[in-house]
Every structure is written in structure tokens, then in C-alpha cells.
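Here are the chains, one letter per residue:
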Amino acid sequence: MEYKSEREDKKAYIGIYGCQMNIADAERMEGQLGTLGYTRTEDMTSADLILLNTCCIRETAEDKVYGKIGEIKHLKKNNPELIFGIAGCMAQKEGNHLIARAPHIDFVLGTNKINELPQIVREIEAEHGASIVDVAEMMGIHENIPIKRTGSLSAWVPIMYGCNNFCTYCIVPYVRGREQSRAPKDIVEEVQDAAAKGFKEVTLLGQNVNSYGKDHKEADFAELLRMVDAVPGIERVRYMTSHPKDLSDRVIESVRDGKHIAEHFHIPVQHGSARILKAMNRVYTKEAYRSLVKRIRAAVPHASITTDLIVGFPGESEEDFLELLEFLREIRYDAAYTFLYSKRSGTPAATMEGQVSDEEKHRRLTALMEVQNEISLEKNQALLGKDLEVLVEGASKTDENVWTGRTRTNKIVLWTHGAEAVGDLVQVRITNPQTWVLKGELL
Ligand code: 5AD
Ligand code: SF4
């Protein structure tokens, strides 16, 4: 009999849930599985190994994963050699409970244990049967993990891990640990390597990128942006996510002065009621937030500003909600990612009084989206007739003659394909701005 560890045509299916950090982590998982002889397949039924990189930010994210775990039970029954692992935030949160609930899981890999994936898979390949759970806390950052990037245009580059903020609704600090920044040298080398492989865009990732470097003092985020901006071959530098309390004027200046740094500020406000912001432990006041927006707009007038919003936080009254709508009309975001509050056990908000009913949450979400969509459309309409620089991503999903790309401000643009190629920077004249996309003509 030929052992799986010796075969060279092994296939791994990697399911990715949640945020960009999970994509970046999965690229490191795939890179390491590659060294064990696995190549990626999109067909779960033919896989020798299935790895789900999970998210637990909202209950809906967890429900999706539990659904998938159920599906995999049947595959495992037909193929007992199949290796099945759970990684990411749910793995960290649930640990042993996952295996108790679903014994067909072979291993549970915590968010800080990605580097141990090859060792764990090798052990299971050699000796099927026992399950392995590894969710211990992080001890330093592991560098030099092989990366298999998705796509060829835009690279995800984590610059820090964890979060120290403990917003009262959020599970992230419990599953991702405290903030730890990578060394600037390691980040710049990773960006250089991506550029050498033809990537034109990088997105620097962290739960709170503006507190980058506070732990090692080698460079702060404003300096890091300048270093990455200077890497030859990189045409666009993006980053996410910013906490409004930490976004300094120095960062705004880096964006203003940078050559390739995108004029896009994603600054999640979460709510527009002072009372709710306080209950969320967001720390900033509405006044401080307004002043931040004013400084951004004064320094970088064409910048787009986007946000995250949560409706239905415990205790949110109709009055609070109306204040939120008022705040949206005042700030006028280009776009907003809107979420229904989801109770996460272990977080302070889960046990707060005044939990809002699902029906009411949905009603408010719909009303919120109506207001924001109107603003997004108006903001986009102001771009009618403008010529914008677009980084070409390729054919759109629906029509191979319609191509797509993004402006520096992160707006999606659609146009009829001409002679341009993926990765080109082109000028597009906006002729038909809509709520979610800008349609235009290639110049
Ligand atoms: N319920 C709903 N949305 C949440 N977010 C974080 N935690 C929760 C929760 N418990 C949202 C925040 C954050 C985004 C990534 O997810 O808006 O900015
Ligand atoms: Fe969660 Fe707040 Fe940290 Fe963002 S800043 S990850 S919302 S605790």
C-alpha cells in the first residue's frame, strides 16, 4: 500500500470565511501544504485534505461553517483517509468543543498556530485516528512561512496581529490575542517579493493598523506607509482597518504626500449616537470623529471615506437610531458596510440589557441602507464626466466584454474592453455613475 505522505498528487480544499486577514492566513496555510505535496482543489469531493479557515465575528458566519462541517461528515464516511481540519477564529474560540460536537474533525488549529500546520498534517497522515487541538497563545511572530498567493494583481500583507481595543460587541480580541506588529523589514521584504512576482497592489492588514509599531517602536504606521510606497513596482498601497481614535495626522500626511497610497479612508464609526458609542467602548466622541473627517477632507479633498455600522446594539432606542441616520447624512460616506448586531457570548454586550428583537433590527437595517444608498448614489453622481485612474482587474463576472477595475478611492468601475490588459493603469471617463459601480468609457 502506498502511504498518503509519499504520494505527490495530493489535493487540498481550503474553505475561507470572514475577513481579508483570513485570506492572508489561508495563503500561508496553502503555502505550507504545498511543501507537503498538496495542491489546491476547488472540488471538495475529490480532496485528500479539507481545511476550513473560519470566522466567528457574527453568528451567521459560524452557522455557515457548521453547515459545511455537516456536509463533510458524509465525505469522511465515504473516505476515512480524508483529513479534515478547522483553523481560524472559530477554532480558537471553540477549541475542543468543536471535536466534541463533530468527532470527524481531525485537527483544530488556533489563529496563532499556522506555522504548526505541516507538523500536524504529517502526524495525522502517519497515524490516523487521534485528533489534535492546538490553540495555545501566541509567542512571537513566525516569519518565513511559505505563501501561495491568490490572484496575481493584489497581495494581502498582514502588518500586525490581534487587537487591544475590546469594543464591547466584538469577539476579535478574544480569538486573535493582543496586538503584535511585524518588523518593518519583514513587511517591506514581503512587499518587494510580491512586486517581483508581478503584483501591482498591496493591502496592509491589521485589526487596527494605526497602532502599528507601538509595541516595537521601529516604525509607526505613517512611516511604514512611506516605506511601502517606495517599493518599486507597487502601483497601489491600501490598508485596513483604521480605528478612528488612532488615525493620526501623520498618517493623513503620508496619504496626501504618497505617490501610490490610495486616497481611501475606511474609518468604522459603528454608530452615530454618543450614548451607544460609549456603551460600545469606542472611546472617541462624535466631535472627535467629525474633526478627523474634517482633517482628512482638508488634506486630501478627493479621498473617499467609508465606514462600518452596527444596528440593533443592546439598548439602541428609536431615538439613538434616528441619531445614527442623522450622522450619516452629516458625514456623507461614500459607502458603508452595515451589520445587524450579533450577540457573541463572552463579550460584555452579550449580557447587556435591552437586546433588540430580530424584527426591529431588520427594520432598522433596511431604513439605514436606504439612507446610505441615496448618499452613495449622490456621491457617485458627482463623478459624472470625470476621468479617473483605474487599475485593471480583468473581465467582470457577468460579461467577458465588460471589464472591471478600481479607482484609487476604491470605487468599482466597469467599461467595454479595449486593448488594456490586467494590471494596467488606465483612464476611464465616467458616463453612468450608479450606487455601487461607476460605468464609463476607456480613454
Ligand atoms: N455584531 C455585528 N457586527 C459586528 N462587527 C464586529 N462585531 C460584531 C457583532 N458582534 C462588525 C463591526 C466591525 C466589522 C468588521 O464587523 O462593524 O467593524
Ligand atoms: Fe473588534 Fe473593536 Fe478590535 Fe475592531 S477595534 S477588532 S471592532 S475590538
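I will try to describe carefully the structure that is included in this document.

What to know about the site of ligand 2
Move 1: Taken together, Cys163, Asn165, Phe166, Cys167, Tyr169, Cys170, Val172, Pro173, Gln207, His243 and Arg282 are the residues near ligand 2.
Move 2: Looking at side-chain class alone, the shell around ligand 2 contains seven nonpolar, three polar and one charged residues.

Let's talk about the packing of aromatic side chains
Move 1: Within the structure shown, the criterion is met by six aromatic pairs.
Move 2: Arranged with centres 5.4 Å apart and planes meeting at 85°, the rings of phenylalanine 166 and tyrosine 174 form a pair that is edge-to-face.
Move 3: On the basis of relative accessibility, which here comes to 40%, the residue tyrosine 174 falls in the partly exposed class.
Move 4: The interplanar angle of 40° and the centroid separation of 5.8 Å between the aromatic rings of tyrosine 284 and tyrosine 289 together place this pair among those described as tilted.

Details of the site of ligand 1
Move 1: With respect to spatial proximity, the complete set of residues near ligand 1 consists of Ile57, Arg58, Tyr169, Gln270, Asp308, Ile310, Phe339, Leu340, Tyr341, Ser342 and Arg344.
Move 2: The separation between an oxygen atom of ligand 1 and a polar side-chain atom of glutamine 270 is 2.6 Å.
Move 3: Contact between ligand 1 and serine 342: a nitrogen atom at 2.8 Å from a main-chain N or O atom of the residue.
Move 4: When isolated, ligand 1 has an accessible area of 400 Å², and the protein chains bury 86% of it.
Move 5: For the shell around ligand 1, the elements supplying multiple residues, two or more each, are strand E13 (304-311) and strand E14 (335-340).
Move 6: Across the shell around ligand 1, the residue classes break down as six nonpolar, two polar and three charged.

Criteria and cut-off values
- Residues numbered from 1 in each chain as written.
- Chains lettered and ligands numbered in written order.
- Predicted model: local features only at pLDDT ≥ 70, side-chain atom pairs only at ≥ 80, totals over all residues.
- Heavy atoms only, no water.
- Near = heavy atom within 4 Å.
- Nonpolar A, V, L, I, M, F, W, Y, C, P; charged D, E, K, R; others polar.
- Phe/Tyr/Trp six-rings, centres within 6.5 Å; stacked < 30°, edge-to-face > 60°.
- Buried < 20%, exposed > 50% of the residue type's maximum accessible area, 1.4 Å probe, protein only.
- Polar contact = N/O pair within 3.5 Å; in protein donor to acceptor, adjacent residues only side chain to side chain.
- Areas by Shrake-Rupley, 256 points an atom, 1.4 Å probe, with all protein chains shown as cover.
- Helix = DSSP H or I, 4+ residues; strand = E, 2+ residues; numbered from the N terminus.

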